[in-house]
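Below, each chain spelled out in residue letters.
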Amino acid sequence: MSSIFVVDLRVPSQLALSPDGRWGAYTVRSVARGAEELWLAAADGSVPPRKLAEGASPRWSPDSATMYFLREGQLCRIAESESETLTAWDGAVSDHLPLTNAVVFLAEDTAAVEGVRIGSESLHPRRLRVLDLENGAVRTLGQDHATAVAQRPDGGPLAVISWPTPELDPGALEPQLSLLDPETGSVHDLGRAGIVASSPVWWEAEDGWHVANLAYTEPVGGLPVFDVAIATGEHRNLTAGMKACPVELVQAASSAPPVDGPGRGSD
């Protein structure tokens, strides 16, 4: 009689380091069950990792006191070991970014929006929303289909990657990189971000702040790291000539962004 062994792989991903450097939160996904869990580990290894809750996509508040995450398509948080759900959005929340007194999150419109290009009634733009943590009010920022967002580490503007339409073609082929003030909603265009742009991060150099992101130069191939200097508007490829490409960028305020890889080679 033969034996059958079933192995459920548990894959860690989405590492988020607390701003004070003490903790790392990450998602553990069960391949067989599709379930996702939040885990917490001490950066110095002083205590064993432990499960916090069911959910994914951990993000830390600027003071490292609160962790925000996604569960069943809604924005949640954990503070002092207590978990609570913050939104009841009709469409799923797909990403989020804690600010000092608010949380920016990405969520689809629940109805068509005038002036937004869509070719199907089933497609609605995923736009930036701001949840005020004091009164629970939600504001919507911008008209375009937002796909990724990162705040400058000093609490400054948001770097936003957006598509002109939620459709893959031409949306993913025409992404824009812009700066957005979460208080006033004002937008400063930084130009095209490259095909299927993703993973925006801020970093500071001698000439001031930069924003880097991943993007293809062609529809297939590796993911180079593209960079734009905010002061001069200069665009460049940080990985030109490298034999491997990253798959994700990590926020670093004082140096060029650390990368997670390797992926396929860049051009």
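Residues numbered from 1 in each chain as written. Predicted model: local features only at pLDDT ≥ 70, side-chain atom pairs only at ≥ 80, totals over all residues. Heavy atoms only, no water.

**Here we look at the side chain of Thr87**
Here is step 1 of the chain: Residue placement: Thr87 occurs in the loop between β8 (82-85) and β9 (93-98).
Here is step 2 of the chain: Here the side chain of Thr87 touches Gln74 through a polar contact of 2.6 Å, side chain to side chain.
Here is step 3 of the chain: Side-chain polar atoms of Thr87 contact the backbone nitrogen of Leu75, separated by 2.9 Å.
Here is step 4 of the chain: Not counting chain neighbours up to four residues away, the residues in contact with Thr87 comprise Gln74, Leu75, Val93, Phe105 and Leu131. (Helix = DSSP H or I, 4+ residues; strand = E, 2+ residues; numbered from the N terminus. Polar contact = N/O pair within 3.5 Å; in protein donor to acceptor, adjacent residues only side chain to side chain. Contact = heavy atoms within 4.5 Å.)

**Comments concerning the packing of aromatic side chains**
Here is step 1 of the chain: For the coordinates displayed, the defined rule picks out 2 aromatic pairs.
Here is step 2 of the chain: Between Trp89 and Phe105, the aromatic rings sit 5.6 Å apart at their centres with planes inclined by 80°, giving edge-to-face as the arrangement. Taken as a pair, Trp89 in the loop between β8 and β9 and Phe105 in strand β10 (residues 102-108) lie far apart in primary sequence, 16 residues in all.
Here is step 3 of the chain: The class of Trp89 is partly exposed, set by a relative accessible area of 22%.
Here is step 4 of the chain: Where Trp202 meets Trp209, the ring centres are 6.1 Å apart and the plane angle is 85°; that geometry is what we call edge-to-face. (Phe/Tyr/Trp six-rings, centres within 6.5 Å; stacked < 30°, edge-to-face > 60°. Buried < 20%, exposed > 50% of the residue type's maximum accessible area, 1.4 Å probe, protein only.)

**Overview of the layout of surface pockets**
Here is step 1 of the chain: Its boundaries defined by the atoms lining it, the largest pocket holds a volume of some 1,500 Å³.
Here is step 2 of the chain: If you trace the largest pocket, you find 39 residues lining it, with Leu15, Ala16, Arg59, Leu97 and Gln251 closest to the centre.
Here is step 3 of the chain: Of all the secondary structure elements, the ones that give two or more residues to the lining of the largest pocket are β1 (10-17), β5 (56-60), β9, β13 (145-151), β17 (195-205) and β21 (248-249).
Here is step 4 of the chain: Its residues placed into classes, the lining of the largest pocket shows 20 nonpolar, 14 polar and 5 charged.
Here is step 5 of the chain: In this structure, the second largest pocket is lined by 17 residues; those nearest its centre are Leu99, Ala102, Val130, Arg139 and Glu183.
Here is step 6 of the chain: Counting only elements with at least two residues in the lining of the second largest pocket, the list comes to β11 (126-132) and β12 (138-141).
Here is step 7 of the chain: Among the residues making up the lining of the second largest pocket, the classes are represented as 7 nonpolar, 6 polar and 4 charged. (1 Å grid on protein atoms, 1.4 Å probe; cavity = no way out; pocket = protein on both sides within 12 Å on 5 of 7 lines; lining within 4 Å. Points joined across faces, edges and corners; volume = space filled by probe spheres on them. Nonpolar A, V, L, I, M, F, W, Y, C, P; charged D, E, K, R; others polar.)

**Let's talk about the sheet that holds strand β20 (residues 235-237)**
Here is step 1 of the chain: Reading across from one edge, β17-β18-β19-β20 is the order of the 4 strands in this open sheet, with antiparallel pairing throughout. Of all strands in the sheet, those bounded by a partner on one side alone are β17 and β20. Here the average twist between neighbouring strands, direction ignored, is 25°.
Here is step 2 of the chain: Where β17 lies against strand β18 (residues 208-216), 7 bridges are found, and the strand directions are antiparallel. Within β18, the position partnered with Glu204 by the bridge is Trp209. (Pairing = 2+ DSSP bridges. Axes fitted to C-alpha atoms, helices over the stretch in contact; angles between N-to-C directions.)

**So, the sheet that holds β9**
Here is step 1 of the chain: Strand order in the open sheet made by the 4 strands is β9-β10-β11-β12, with antiparallel pairing throughout. The sheet is open, and its two edges are formed by β9 and β12, each paired on a single side. Taking the axes of each pair of neighbouring strands and ignoring which way they run, one obtains an average angle of 25° across the sheet.
Here is step 2 of the chain: Relative to β11, β10 runs antiparallel, the two sharing 7 bridges. Across the sheet, Ala107 pairs through a bridge with Arg127, a residue of β11.

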